[in-house]
Number of protein chains: 2
Amino acid sequence: MSGLKIEIITIGKELLDGRIVNRNAAFISARLFKFGYTVERHTTFSDDLQILRKGLQEAYERSDLVIITGGLGPTLDDLTRIVVAEMFHCKLSVNALVITDLQKRFGKELDMLQNQATIPDKAQPLLNSVGIAPGLLFLTNDKMVVCFPGMPAEMQPMFVNTFLPVLQERHPPLHKHEVYLYACFFKESQIDPILRELQAQLPELEMGIYPSYSHVTIMLSSENKASLEYAEELLKVQLDSFLYTAATGKIEEAIHNWFIKEKKTLVLAESCTGGTMASLLTAIKGASEFFLGSFVTYSSALKQHILDVPKKILETKGTISAECVLAMLNGALEKSQADVGLAISGIAGPTSDSSHEKIGTMWAAMQEKGSSPYVFRLQITGDRQTIILKTAYSLFGILWRKLAKNIPPPQGTGH
Amino acid sequence: MSGLKIEIITIGKELLDGRIVNRNAAFISARLFKFGYTVERHTTFSDDLQILRKGLQEAYERSDLVIITGGLGPTLDDLTRIVVAEMFHCKLSVNALVITDLQKRFGKELDMLQNQATIPDKAQPLLNSVGIAPGLLFLTNDKMVVCFPGMPAEMQPMFVNTFLPVLQERHPPLHKHEVYLYACFFKESQIDPILRELQAQLPELEMGIYPSYSHVTIMLSSENKASLEYAEELLKVQLDSFLYTAATGKIEEAIHNWFIKEKKTLVLAESCTGGTMASLLTAIKGASEFFLGSFVTYSSALKQHILDVPKKILETKGTISAECVLAMLNGALEKSQADVGLAISGIAGPTSDSSHEKIGTMWAAMQEKGSSPYVFRLQITGDRQTIILKTAYSLFGILWRKLAKNIPPPQGTGH
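Residues numbered from 1 in each chain as written. Chains lettered and ligands numbered in written order. Predicted model: local features only at pLDDT ≥ 70, side-chain atom pairs only at ≥ 80, totals over all residues. Heavy atoms only, no water.

Asker: What am I meant to see in the nonpolar core here?
Answerer: For soluble globular proteins, the rule of thumb is that nonpolar side chains tend to be buried together. Counting 96 residues, the largest nonpolar core has Leu266(A), Phe291(A), Leu266(B) and Phe291(B) as its most contacted members. Among residues more than four places away in sequence, those in contact with Leu266(A) are Phe259(A), Leu281(A), Phe290(A), Phe291(A), Leu292(A), Gly293(A), Ala338(A), Val340(A) and Leu399(A). In this structure, Leu329(A), Leu292(B), Leu333(B) and Ala338(B) belong to the second largest nonpolar core, which totals 40 residues. (Core = buried A, V, L, I, M, F, W, Y, C linked by side-chain atoms within 4.5 Å. Buried < 20%, exposed > 50% of the residue type's maximum accessible area, 1.4 Å probe, protein only. Contact = heavy atoms within 4.5 Å.)

Asker: Please explain the interface of chain A and chain B as it appears in this structure.
Answerer: When the parts come together, some accessible area is lost, and that loss is often what is quoted as the size of the interface. With 87 residues of chain A in contact, the opposing surface of chain B contributes 87 residues. Carbon and sulfur atoms supply 59% of the area that chain A and chain B bury against each other, a total of about 7,100 Å² over both sides. A salt bridge links Glu178(B) to Lys13(A), with the shortest nitrogen-to-oxygen separation between them at 3.9 Å. Summed over the shared surface of chain A and chain B, the number is 22 residue pairs in polar contact (both at pLDDT 80 or more). Tallied by class, residues from the side of chain A that touches chain B come to 36 nonpolar, 31 polar and 20 charged. Relative to strand β2 (residues 39-45) of chain B, strand β2 (residues 39-45) of chain A runs antiparallel, the two being bridged by 3 bridges. If you follow Thr44(A) over to β2(B), its bridge partner there is His42(B). (Buried area = accessible area lost by both parts, 1.4 Å probe. Salt bridge = Lys/Arg side-chain N within 4 Å of Asp/Glu carboxyl O. Polar contact = N/O pair within 3.5 Å; in protein donor to acceptor, adjacent residues only side chain to side chain. Nonpolar A, V, L, I, M, F, W, Y, C, P; charged D, E, K, R; others polar. Pairing = 2+ DSSP bridges. Helix = DSSP H or I, 4+ residues; strand = E, 2+ residues; numbered from the N terminus.)

Asker: What's the story with the relation of the copies chain A and chain B in this structure? I'm lost.
Answerer: What relates the pair of chain copies is a rotation about an axis plus a shift along that axis. For these two chains of identical sequence, chain A goes onto chain B by a turn of 180 degrees and a shift of 0.0 Å along the axis, with RMSD 0.1 Å. When the rotation and shift are considered jointly, the pair of chain copies conforms to a two-fold rotation axis. A shared interface surface links the copies, since 100% of the contact residues of chain A are contact residues in chain B too. (Least-squares fit on C-alpha atoms with pLDDT ≥ 70 in both.)

Asker: How should I be thinking about the environment of Leu239(B) in this particular structure?
Answerer: Residue and element names in this part refer to chain B. With respect to the helices and strands, the residue Leu239 is situated in helix α9 (residues 225-239). Exposure remark for Leu239: the relative accessible area of 1% places this residue in the buried category. Remark: the alpha-carbon pair of Leu239 and Pro152, spanning 87 residues in sequence, is separated by 38 Å. Sequence-distant contacts of Leu239, defined by excluding residues within four places in its chain, comprise Phe186, Ile194 and Ile218.

Asker: Help me understand the sheet that holds strand β12 (residues 243-244) of chain A, please; the structure alone is not making it clear to me.
Answerer: Whether parallel or antiparallel, the strands of a sheet pair through hydrogen bonds between backbone atoms. Residue and element names in this part refer to chain A. Here 4 strands make up an open sheet; going across it, the order is β10-β11-β9-β12 and the pairing antiparallel. Only two strands of the sheet have a single partner each, and these edge strands are β10 (206-212) and β12. Both strand β9 (residues 178-184) and strand β11 (residues 215-221) contribute to a ladder of 7 bridges, which runs antiparallel. Residue Tyr182 lies in a different strand from β11, and its bridge partner there is Thr217.

Asker: Which parts of the structure should I look at to understand helix α3 (residues 49-62) of chain B?
Answerer: Helical geometry: 3.6 residues make up each α-helical turn, so side chains three or four residues apart lie on a common side. Residue and element names in this part refer to chain B. The terminal C-alpha atoms of α3, which comprises 14 residues, lie 20 Å apart, in line with the 20 Å expected from a rise of 1.5 Å per residue. For α3, the elements touching its buried residues are β1 (6-11), β2, β3 (65-69), α4 (80-87) and β8 (144-148). Regarding α3, its N-cap is Asp48, as a side-chain oxygen of that residue lies 3.1 Å from the backbone nitrogen of Gln50 further along. (Expected span 1.5 Å × (residues − 1).)

Below you can see the structure in the form of structure tokens.
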């Protein structure tokens, strides 16, 4: 790891009001981490002049690299430019490079653009390939401050294409030894004793356990490559049937890779997950190589008319039943001719429906071509959105363990 | 607004590495905001003893209420309990309330539970209704510090059901006057001149503009209710055809409400958005009242066999074409008998496919029963995930404007 002290400051009242989730800090952190840099702190303030002045000054004193997003726009609550100009004791003036770029991309509508091309004299502009506001880069002898627009679509290409090369040139990352292991259906509390033992053996090892929906990430890190490899091997033996491999750590990526490798196809029939499983699978590039589609049959009528679920099942057993998901699975497999199918129906709440089933009750069915189907029930807890995500990730875990490790689905387990 | 200075600290290396997005800070902020409290700062640290000690102490000195999530688990990298015990100069001991609760919920398996029932003497435990680790609440004469587990499924019910009532009792929120207006397809730079004029007229008004995918949120706030109402009326007149109403500010909620009110049904046929539109619509409770489902026909074969897109269209025009989305729309409407249908097919990248279409090219079709269909093209920029989300939100905006305001879709617009 580079010894650079890095801090990310995201500016915006919308973050402090909880109206949006801080994806910018996560994006920047992930990109830096990938290239061997570690972020020490995230901070979020509102666009208030006093708070900004104090907060940015503190960060500048504390860190070697301060990355700021937000507050660069042309509107009256955008104060970042003013505050950084003060911090670096310089004036704001129109930058010729930015004017030329904006004219090229937006033609002659320069009313607003004139304002946006006005930047602190000591900053180098980072041109915006998507929107209007340029980024700002300040380099001093030993520190860097960089400001990006808050819109992810504008910040991301600017960060990756323009800023990252400058950072890598100025502060090449040190060589790092780090290993991530991903385990599904393995609880933090089950892994902990194993890691404590390992820590006693290898005190130089740094470790972390990060739980998520239905899986955990285990991080091992050390300057000593040999002990890291030893620890990795040991854990791999102990946790074997739970471990999956994925560059992003996502179980859906492990599934994606399995299907591509095996040249098989997948179809889903989703009711209560409402397209979430399909959406997670298709977020990964190249999903079209194996993913045929999902029948998001939210209504009973679609289950009956599209997936041929018999009317009698819907009337006597209801949509949240072993019989219904098995019929959904059969319909989806037959109509798509996929190699593997998975069907899910349940109730995510917050109120029960005509089925009177307990909230969080899920029936699922799964089948590989040429084998018998599995039908199983899950009981999931949480609010509506948590239930939907936990259901999706539990099913991904169950599907992956069956496909890759030949471990059958649990029978009536709660998650 | 209450004058309470509130700060949220989220602990976890997984946040600083960008492996997970900080949903906890957003959740807590949104709940507090709803009840009239404003958060002044979010900070994220890793589970490092020195950084934690210093960071928590600074926050405690600076703020009236410090809310901490993460680092409460039983594992070796969970240090929050130790650091807060130091901060309040007290020992850790086994808490009888927690032991009783854990025994009741987990039976006699007390090995790990003993550890988890050990809390700082000066803390009140907040019982965990989902997992194991209890929350911790410290009350002094004028300050509060509260620690929650990092898992959202455990933190959320503890925050809402146990902590929030204590906060409301101790610090009743002041009456606030705040107005949010939501506009779709209206750019930040278009709204700014209008707001600047308003600000000149009503200097006591606080304002903010928060852009998001295809829409912006305008926040107005003032102690003076009359000027707030005047400003709201003025903006409503000027922005009328762009404004939508939704408690959460989400355009999909405006669509949800329109369908419920009009007692109409909706069906989707999604290709490149891969179930994302269905997933966003079904995240809102009660979606089953109008949303019949989505044909996530990711493969050409499913487009042909499920939605009856003629083979000839697929061969001569390709899947990213006016003809293909119109056929998808017809198939979805016919098979579902929905009142309104929307179909989308395009290329999200990052690499082009056999169609050789430019990345971000989208064709969409939309129809209300009894009217003619609209077929239109969008050109979207960004990385894969941005293109998918921008496409989904652009289509929600277009759909809503057509349904609620009778404004036809744009012809060949870039977004």
